[in-house]
Every structure is written in C-alpha cells, then in structure tokens.
Amino acid sequence: ITCRDWSSDVCSSDLCPGGPQTVVLRPDFAGVFAHEAFGHLSEADFLYENPKMRDLMQLGREMGPKELSIIDDGSLAGRTGSLTYDDEGTPAGKTMLIRNGILAGHLHSRETAAKMGEKPTGNARAIGRGREPIVRMTNTYIDAGPLTRAELFAGVDDGIYCCSMLGGQTMMEMFTFSAAYGYRIRNGQIGELVRDVVLTGNVFETLHRIDGLADDLQIRESGGGCGKGGQSPLPVTFGGPHVRIRDVVVGGK
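Computed from a predicted model, the values in this text were never measured in an experiment. Residues take numbers from 1 onward in each chain, read along the sequence in its written order. Side-chain atom pairs in this predicted model are given and counted only at pLDDT of 80 or more, local residue features only at pLDDT of at least 70, and totals for whole chains, interfaces and linings cover all residues. The side-chain values count all of the structure's non-hydrogen atoms but skip hydrogen atoms and water molecules.

**Concerning the side chain of His35**
- Along the chain, the position of His35 falls in helix α2 (residues 27-39).
- Of the residues examined, His35 reaches a relative accessible area of 4% and is grouped as buried.
- Here, residues are in contact when the closest pair of their heavy atoms is within 4.5 Å. If sequence neighbours within four positions are ignored, His35 has contacts with His40, Met137, Cys226, Val236 and Phe238. By definition, any uninterrupted DSSP run of H or I lasting at least four residues is a helix, any uninterrupted run of E lasting at least two residues is a strand, and each is numbered from the N terminus. The cut-offs for exposure are 20% and 50% of the maximum accessible area for each residue type, with area from a 1.4 Å probe on protein chains only; residues under the lower value are buried, those over the upper are exposed, and the others partly exposed.

This is the structure we're talking about:
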C-alpha cells in the first residue's frame, strides 16, 4: 500500500502499536469479521469434510458471552443477499448460528442436512444456471447488544478503533485481517490516526474475548460478493454493531 492509495493523513500517521490490545471494531469491520472468520466455518459442506472443525463446531458449545448472537437471515427484506427460496427450493429463513453465546445452528443444503441429521436452512446457492448449488451465506451479522456506543467506548482506557477492513485471510479457525485505518482510543475518546492495523488470532478465542456489544447494528451491502468453490461473486450482505474485544493480538510497531 502506498501513499497514493490513501489520504496523506493516513500515510503520515504513526504505526499502530503492536501486541495484545483492546480493540473496538466499527460495524463494517465487525460484519466482515462475522462473515469471513465465523460464517464460513458454519457452512456445513465445509464442516462435514473436516472432522476437526465438526468437533469444534458442535451444537451447544459455548462460543462467547451471553450477549453475543450471530445470525444468517436470507429472509430480510430488500437486502442483496435475500431470497425467497434457495436453489434447491428450500424456503429462505433466519438461522441463529450463535444464540446468547451458545452455538445454535449450521448452514445447510438438503444434502448436508441429511448427512448431519439436521434440517435444511435454505442456504444452497449457485451463481447461475448450470452451476451446482453449494452451501453459502445470505445476510450474516452480529446482532445488537445492550450498550450505547458511548458506553462501549467509555470502557476503553487505551485501545485501537478498527475501521473498514482492507483485506486478510483465514485458515481453519485462524485469521489475519487488516483494517484500512484506525484510531487510538484513550480514556474512552477517539484520538489520533494510526496505520498498519493488523489483527490476528483464533476465532474461538476471540469470540470469548468479546466484552461489549453496542446497540447500533448496521447491515451493509458488500459492494462485491462472496467467493467459494469457483462461484463468484455471490450477492451477500454482512453487518454488526460496534464490538469491543479484549486482548486481541495486533501487529504493528
């Protein structure tokens, strides 16, 4: 990334301090995190083929604080990822992936539901005729929590505010994501710009470290689409509120 790609303010800002940090994810960053780091792990074709992950993603497992719920809902009105029926004719609906901190659901086609003894969820999707429907997300988001945005930030003495995901990668339960830019948080107030903000860790550990969810849920259009199994771009949306997480490993200076 060069300075011509970003504003001079970002390019001249200080490097983000490295090490374990308290971070606040802006809703756009939180939504991509929900989609990329957790949503893909919930797709049952992936789970069925990976015994280790199937064990880690057993229904009923505690996944985070009781305030945490993550949802995939293809029935939301007017959203890019919404549909009436999936490409196998199953009605789209709302699937609670995590409900009150407990793993509550997986995303299924008819085939994966039969193999795992669960119900189809309306998530068999293809990008066009002649392509095989595979298990895909629709509108995936972290649900709103009980705190106001001000209350969420007030709980941070020293941390990083992560805004607009730039890119990243996942490998099973491990992730590395880069924010487009960030700010220092000092005594609950947003401070100076910082750059090269990179978060890395284990998604299950990270979900358990969530200790604050704001009430300002935003569902965002992806501006592109999701890719999987050579089928791209598939229309999806993602979202979340402001999310506060303790002790996240942040790469930086």
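There's plenty left to go through after this.
**Looking at unusual backbone geometry**
- The omega angle of the peptide bond from Ser232 to Pro233 is 0°, so this bond is cis rather than trans.
- Looking at where Pro233 falls in the secondary structure, it is placed in strand β16 (residues 231-234).
- Even without being glycine, Ser164 reaches a positive phi, approximately 60°.
- If you trace the backbone, Ser164 turns up in strand β9 (residues 158-171).
- Despite not being glycine, Met172 has its phi angle at roughly 55°, a positive value.
- Met172 gets classed as partly exposed once you look at its relative accessible area, which sits at 29%.

**Overview of the nonpolar core**
- Grouping buried Ala, Val, Leu, Ile, Met, Phe, Trp, Tyr and Cys residues that are joined through side-chain atoms within 4.5 Å yields what is termed a nonpolar core. Within the largest apolar cluster, 44 residues are counted, with the highest numbers of intra-cluster contacts made by Val23, Leu25, Phe38, Cys162, Leu199, Val203 and Leu207.
- With seven residues, α2 is the largest single contributor of residues to this core.
- Among all residues touching Leu207, those that are not within four sequence positions of it are Phe33, Phe38, Met63, Gly64, Pro65, Leu68, Ile70 and Ile98.
- Core analysis: the second largest hydrophobic core is formed by eight residues, Val156, Tyr161, Ile185 and Ala214 among them.

**Points about the sheet that holds strand β3 (residues 70-73)**
- Here, any two strands with at least 2 DSSP bridges between them count as paired. On the basis of which strands lie adjacent, the open sheet formed by six strands has the order β5-β4-β3-β8-β17-β14 and mixed pairing. The open sheet is flanked by β5 (102-103) and β14 (218-221), the only strands paired with a single partner.
- Across three bridges, β3 lies against strand β8 (residues 139-142) in antiparallel orientation. If you follow Ile70 over to β8, its bridge partner there is Ile142.
- In this fold α2 packs onto β3, β4 (94-99), β5, β8, β14 and β17 (237-240), with an angle of close to 120° to the strand it touches most, β17. Angular values range over 0 to 180 degrees, each being the angle between N-to-C directions of two axes fitted as lines to C-alpha atoms, with helices fitted over their stretch in contact.

**Some thoughts on the confidence of the model for the protein chain**
- One number per residue, pLDDT, summarises how confident the predictor is, and it ranges from 0 to 100. On average, residues of the protein chain carry a pLDDT of 92, and 93% of them reach 70 or more.
- In the model, residues 1-8 has pLDDT below 50 throughout and makes seven contacts with residues more than four positions away in sequence or in other chains.

**Some words on the side chain of Arg244**
- Residue placement: Arg244 occurs in strand β18 (residues 243-251).
- A polar contact is formed between the side chain of Arg244 and the backbone oxygen of Leu152, at a distance of 2.6 Å.
- Among the polar contacts listed, one links the side chain of Arg244 to the side chain of Asp211, at a separation of 2.8 Å.
- For Arg244, the contacting residues outside a window of four places in its chain are Thr22, Val23, Val24, Leu147, Glu151, Leu152, Gly155, Val156, Arg209, Ile210, Asp211 and Gly212. Counted as a polar contact is a pair of N or O atoms within 3.5 Å, where, for protein atoms, one must be capable of donating a hydrogen and the other of accepting one, and residues adjacent in sequence contribute only when both atoms are in side chains.

**Thoughts on the environment of Gly155**
- If you trace the backbone, Gly155 turns up in the loop between α6 (149-154) and β9.
- In sequence terms Gly155 and Asp211 are 56 residues apart; their C-alpha atoms lie 9.6 Å from each other.
- Gly155 has contacts with Arg244 and Arg246, leaving out every residue within four places of it along the chain.

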